[in-house]
Amino acid sequence: MAEELLTLQQVFSELNTQVAQAGGNNAFARLHCRSKGTISNWTNCNREVSDACLEALGLERVEMFRRKKPMTPGRVKNG
């Protein structure tokens, strides 16, 4: 069975849940040895999801690929 993959929205939902469970941004920051500003940036989506953020959440980044949709007749490919 494939492991569950999360969308970016689900990652931020998980972040907000864990921050709330910790008792807020300050408590989460202390728990994970991060600055309050860093946690604030994470929770306000002011930064991309970093490896440090994922580590704090117990998540890891994975890369996936899929096949392109075939070109439709009459469609011009640029570049």
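Look a little higher up for the structure.
Predicted model, so just to flag it, every value in this text is computed and none were measured.

Asks: Quick question: what am I supposed to make of the nonpolar core here?
Replies: Nonpolar side chains tend toward joint burial in soluble globular proteins. Judged by nonpolar contacts, the single largest core of 13 residues is most densely connected at Leu 15, Phe 28, Ile 39, Trp 42, Val 49, Cys 53 and Leu 57. Broken down by secondary-structure element, the contributors of at least two residues to this core are helix H1 (8–22), helix H2 (25–31), helix H3 (36–43) and helix H4 (51–57). Residues contacting Val 49, with those up to four places away along its chain left out, are Leu 8, Val 11, Phe 12, Leu 54 and Arg 61.

Asks: What should I look at first to understand H3 in this one?
Replies: Along an α-helix, residues three or four positions apart point the same way, because every turn accommodates 3.6 residues. Burial in H3 covers these residues: Ile 39, Asn 41, Trp 42 and Thr 43. The inward-facing, buried residues of H3 abut H1, H2 and H4.

Asks: Looking at this structure, I do not really get the packing of H1 against H3. What am I missing?
Replies: What describes two packed helices is the angle between their axes and the distance between those same axes. Where H1 contacts H3, the two axes come as close as 10 Å, and the packing angle between them is 135°. One element, H1, and the other, H3, form an angle in the oblique class. Within the contact between the two elements, H1 uses Phe 12, Leu 15, Asn 16 and Val 19 and H3 uses Ile 39, Trp 42 and Thr 43. Partitioning the contact of H1 with H3 into residue classes produces 5 nonpolar, 2 polar and no charged.

Asks: In this structure, what is going on with H1? I would like to understand it.
Replies: In this model H1 runs 21 Å from its N-terminal to its C-terminal C-alpha over 15 residues, within 8% of the 21 Å that 1.5 Å per residue would give. Residues Val 11, Phe 12, Leu 15, Gln 18 and Val 19 constitute the buried set of H1. Taken down its axis, H1 places every buried residue within 125° of arc, on the same side. In H1, the exposed positions that point more than 90 degrees away from the buried face belong to Gln 9, Ala 20 and Gln 21. Summarising the contacts, the buried residues of H1 are in contact with H2, H3 and H4. Note on H1: the residue one or two positions beyond its end, Gly 23, has a positive phi of about 110°.

Each value, and the rule that gives it
Residues numbered from 1 in each chain as written. Predicted model: local features only at pLDDT ≥ 70, side-chain atom pairs only at ≥ 80, totals over all residues. Heavy atoms only, no water. Core = buried A, V, L, I, M, F, W, Y, C linked by side-chain atoms within 4.5 Å. Buried < 20%, exposed > 50% of the residue type's maximum accessible area, 1.4 Å probe, protein only. Helix = DSSP H or I, 4+ residues; strand = E, 2+ residues; numbered from the N terminus. Contact = heavy atoms within 4.5 Å. Axes fitted to C-alpha atoms, helices over the stretch in contact; angles between N-to-C directions. Parallel < 35°, antiparallel > 145°, perpendicular 65-115°, else oblique. Nonpolar A, V, L, I, M, F, W, Y, C, P; charged D, E, K, R; others polar. Expected span 1.5 Å × (residues − 1). Arc of directions from axis to C-beta.

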